[in-house]
Amino acid sequence: MSKKVLSIIMAVAMSLEIFSIVPGANAESSEEASFGNSQNLKKVEVKDTEYVKGEVLVVTKKDVEEQAIEDLTEENDGKVKEEINISKNEKINVVKINNEETAGEVADKLSKEEDVVMAQPNYIYSGEVKPIHIKKNANYTQAIKEQWYLDGDSGADVLKAFDKVGSNNISVAVIDTGAQLSHEDLEKNIDKNRSVKIDNGKVKKLSGKGYSSYHGTLVLGVIAAGFHNGFGIDGVAKDKGSAMVISAGDKKGNFTSKNIVAGIKYAIDKNARVINMSLASEKAIHDALILKQVKNAYNKNILCVMAAGNKGNKSITSPGDSIYGISVMSHGKSGRRSYFSNYGIDKDVSAPGEDIVSTYIYTNTNKRYAYADGTSFAAPIVSGIATLLLSKKPNLTPRELKNLIYTSGGGTYSSAFGFGKVNANTAMTNLDKGLTANPTSIQLNRSIVVTYENSVTGVEYAVLPGNTRIASATTVSSNPDVATANSAGEIFAKKAGTCTITFYAGSATATCKVTVKPKYTMKKKGKPYVYYGNWSGSDALSTPVYYGGNIGELLAYMDGYKIYLKKGEVLNLYMTVSKRFPLVHIYNPKKKFIKRFPVYYWKKGPSGFLVKGAYKAKKSGYHYIEAVKTEGPSGKYKLTLITNKTRVKAYAKSKRGKLKIRWKRAGSAKTYKVYIYNSHKKLIKKVRVKRLSYRYKKVRRGRRYYYRVRPCIRVPGRYLYGGYSKWKKIKIK
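Every value quoted in this text rests on a predicted model; they were computed, and no experiment measured them.

(A) Representation of the packing of helix 9 (residues 398-408) against helix 10 (residues 424-433). Where helix 9 contacts helix 10, the two axes come as close as 8 Å, and the packing angle between them is 125 degrees. Looking at the two axes, helix 9 sits oblique to helix 10. Like other packed secondary-structure pairs, helix 9 and helix 10 cross with a definite hand, here right-handed. Touching Leu-404, Thr-407 and Ser-408 of helix 9 are Thr-426, Ala-427, Asn-430 and Leu-431, all from helix 10.

(B) The arrangement of the packing of helix 5 (residues 215-224) against helix 8 (residues 375-392) in detail. Running from N to C, helix 5 and helix 8 point in directions that differ by 35 degrees, and their axes come no closer than 8 Å. Seen along the crossing, helix 5 lies across helix 8 with a hand that is right-handed. Residue-level contacts link His-215, Leu-218, Val-219, Val-222 and Ile-223 of helix 5 to Ser-376, Phe-377, Pro-380, Ile-381, Ser-383 and Gly-384 of helix 8. Here the residues of the contact of helix 5 with helix 8 are counted per class, giving seven nonpolar, four polar and no charged.

(C) How the structure looks around the pairing of strand 12 (residues 274-277). The alternating pattern of strand 12 places Val-274 and Asn-276 on one face and Ile-275 and Met-277 on the opposite face, and all of these are buried. Two strands pair when backbone bridges link them, and strand 7 (residues 170-176) and strand 12 are joined in this way by three bridges, in the parallel orientation. Opposite Ala-173, over in strand 12, you have Ile-275 as the bridge partner. Sheet topology places strand 12 next to strand 14 (residues 303-307); four bridges connect them, and they run parallel. Residue pairing for strand 14: Ile-275 is matched across the bridge by Cys-304.

(D) Main features of the packing of aromatic side chains. Under the criterion given, the structure shown has 14 aromatic pairs. Residues Tyr-677 and Trp-727 carry aromatic rings whose centres are separated by 4.7 Å and whose planes lie at 50 degrees to one another, so their mutual orientation is tilted. Linking Tyr-677 in strand 40 (residues 671-677) with Trp-727 in the loop between strand 44 (718-721) and strand 45 (728-731), this pair joins segments that are 50 residues apart in sequence. Of the residues examined, Tyr-677 reaches a relative accessible area of 1% and is grouped as buried. Each member of the aromatic cluster is reached from another via a ring pair, and the members are Tyr-406, Tyr-413 and Phe-419. Here the guanidinium or amino end of Arg-337 rests over the ring plane of Tyr-343, the centre of that ring lying 3.8 Å away.

(E) Highlighting a positive patch on the surface. A contiguous patch of positive charge on the surface is contributed by Lys-653, Lys-655, Arg-656, Lys-658, Arg-662, Arg-695 and Lys-697. Where the positive patch is concerned, the elements lending two or more residues are strand 38 (650-655) and strand 39 (658-663). Within the secondary structure, Lys-658 sits in strand 39.

(F) Representation of the layout of surface pockets. Taken as a whole, the second largest pocket encloses approximately 370 Å³ of empty space. Contributing to the lining of the second largest pocket are 14 residues, with Ile-86, Ser-87, Lys-88, Asn-296 and Lys-300 lying nearest its centre. Elements with a contribution of two residues or more to the lining of the second largest pocket: helix 6 (257-269) and helix 7 (288-299). Of the residues assigned to the lining of the second largest pocket, the class counts are three nonpolar, four polar and seven charged.

(G) Up close: helix 6. With 13 residues, helix 6 should reach 18 Å at 1.5 Å per residue; the first-to-last C-alpha distance of 18 Å fits that figure. In terms of burial, helix 6 is a largely internal element, twelve of the 13 residues being buried. Listed as buried for helix 6 are Ser-257, Lys-258, Asn-259, Ile-260, Val-261, Ala-262, Gly-263, Ile-264, Lys-265, Tyr-266, Ala-267 and Ile-268. Taken from the residues just after helix 6, Asn-271 is the one with a positive phi, measuring 65 degrees.

(H) Quick look at the pattern of salt bridges. As enumerated under the stated definition, the model contains 17 salt bridges in all. Of the charged contacts, one joins Asp-321 and Lys-347 as a salt bridge, the two residues approaching to 2.8 Å between their closest N and O atoms. Highlighted residues: Asp-321 in the loop between strand 14 and strand 15 (325-331) and Lys-347 in the loop between strand 15 and strand 16 (349-352), separated in sequence by 26 residues. The two residues Asp-321 and Lys-347 agree in class, both being buried. The salt bridge partner of Arg-446 is Asp-346, with a shortest N-O separation of 3.9 Å. One end of the pair, Arg-446, is in the loop between strand 19 (441-444) and strand 20 (448-452); the other, Asp-346, is in the loop between strand 15 and strand 16, with 100 residues separating them in the sequence. Judged by relative accessible area, which is 8%, Arg-446 ranks as buried. The class for Asp-346 is buried, based on a relative accessible area of 1%.

How each quantity is defined
Residues numbered from 1 in each chain as written. Predicted model: local features only at pLDDT ≥ 70, side-chain atom pairs only at ≥ 80, totals over all residues. Heavy atoms only, no water. Axes fitted to C-alpha atoms, helices over the stretch in contact; angles between N-to-C directions. Helix = DSSP H or I, 4+ residues; strand = E, 2+ residues; numbered from the N terminus. Parallel < 35°, antiparallel > 145°, perpendicular 65-115°, else oblique. Left-handed = near helix turned anticlockwise from the far one by under 90°. Contact = heavy atoms within 4.5 Å. Nonpolar A, V, L, I, M, F, W, Y, C, P; charged D, E, K, R; others polar. Buried < 20%, exposed > 50% of the residue type's maximum accessible area, 1.4 Å probe, protein only. Pairing = 2+ DSSP bridges. Phe/Tyr/Trp six-rings, centres within 6.5 Å; stacked < 30°, edge-to-face > 60°. Lys NZ or Arg CZ within 6 Å of the ring centre and 35° of its normal. Patch = residues over 30% accessible without salt bridge, like charges linked within 9 Å, V, L, I, M, F, W, Y side chains within 5 Å. Areas by Shrake-Rupley, 256 points an atom, 1.4 Å probe, with all protein chains shown as cover. Salt bridge = Lys/Arg side-chain N within 4 Å of Asp/Glu carboxyl O. Lys, Arg positive; Asp, Glu negative; His and termini not counted. Charge placed at Lys NZ, Arg CZ, Asp CG, Glu CD. 1 Å grid on protein atoms, 1.4 Å probe; cavity = no way out; pocket = protein on both sides within 12 Å on 5 of 7 lines; lining within 4 Å. Points joined across faces, edges and corners; volume = space filled by probe spheres on them. Expected span 1.5 Å × (residues − 1).

Interpretation note: all reported values are geometric properties and have no functional meaning in isolation.
In structure tokens form, the structure reads like this:
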């Protein structure tokens, strides 16, 4: 689950427009009717870049019959390729789909099926590593001197912590690209009997060379290199970490959702205490499967430590920004945040991540170690510190481990370093004192949360002092009907309103003001409106609802809107987006999903995509509209609503053989189309004007004429129209 309020995902501008109209009922307006048959439109050619093409992960209960799963996937042009057990009660059905729709679209449809727990694309992750520099020596005394990240001057003060380690051996799972099992500096601390390879979600014994790329060997060395063994470096865990190598990545250092999920499940089943994942993705923040597994690990007394990402911005990343794990940023010898490191309110701590010398795959004796930069190598330093703490006190909970690590850096929160730069010696010293001190204060990573109804977000916290006897706070809401929170810091928004969440640890308290906005904004019936907002700003849903059970709840980032439709009223939609693939959902008055509009590409418009379609209301009442972004960056949107009940009141007068028609403004419509007919109601004039009146001179005195007016909205390449005003007639004087 995401931690923490989604603020800025990416600074990419996006234009979004939604229109609800009804096509003209008369032959004279055929050119203005629904654009559904336009020759300018074609179905999008899918080019998936952030998930596995042609594959959707569908989670069902294990007791759902195979035939039922096959039937529902075939109905959506899919076929079950394989099954992966992820818990005692649930399994992943890997569904192969055609390429006519995006994985996001198919997942969206399948998620609405009764037997489906959730459905999503099979996202792609990358190992967070910068270019490496090969060190051509294996001399222990030289390499150990270059492990600046172990010292107390600018590093994590690990060397002093070595004097305080306990006697317990701790199981540490490293989900990565495997490792060179025969590396002289690693083989002693690798648990080869429990090291495995994850291949298409299936667990296999790790054999052969043991790796698909160099990334995992570098990461593992930071944690588990042998201590004072006469070879190149010392691992942070000081031989107390029994490394469970889980090879889940490919030779390019990429990972997929199903392999990571299978890897986490394997680590849980084998009773790991720490899981290191030096991988991240900004594009997979909707990955409910992985985030759910991180939470499962936490509830099984396992701490997940993850890289914050290497984009150098405030982007949300998965899985690191889960409230149930630790997201690790990077800093260098100077103490400054690394230029490449992600940062911001969603990150937890900082650790050394520049010029990290570690073990490297080799085929000869001269290239056994390498330098590398990246949050990939900051994360295993924190995993190593967690291992040292557990070696001293193996019954520490994930919350206690987090608190010892957070308070080791001072415990005061900043967006640049989180709760501070980790200090292994301080953490071990606090543990040595005994966790007996009374809490004096609670530090939150945020004191204000703005979110939406039925969403889930979170607040991270540290309880001071570091050796506090209470690391897990209790929470009380001033208005539980609006929002509540649990001891992990997870906030559950329920209905619109404001409340204060108070965190308690002994006599220490801290408060967070929570504002919950309505998910659906009501629009007055019979009027057109234009609204501007930003998917990454105050109008955006602050977090995905990761456990909502359908992709609409997972991915809706803009406000939902509700509009009153009478039975038989037609709702047409039009949405243009400059980046990636949007969908539009409509829900009936009971908020039951009733229709989805897919994405098309518009050749003649500005480079971008559009959604178009129509819905005829079967019952009178409020209908709910959601714009859903299945993948890609966020940005701005423009929303327009207009129905066939959006009409103007027109009237006319005749003077000196001329006809002047007037009308009142219809909401925000700036353009109107005027229709003038002869006495037999045959159209003789139609014109669009940008004012609230029109004068027509080609009339004859004594004759009768009819007229009507429609509001219209300009969209790229066409106009969309509201309803006609009532038929009116006038005799020319």
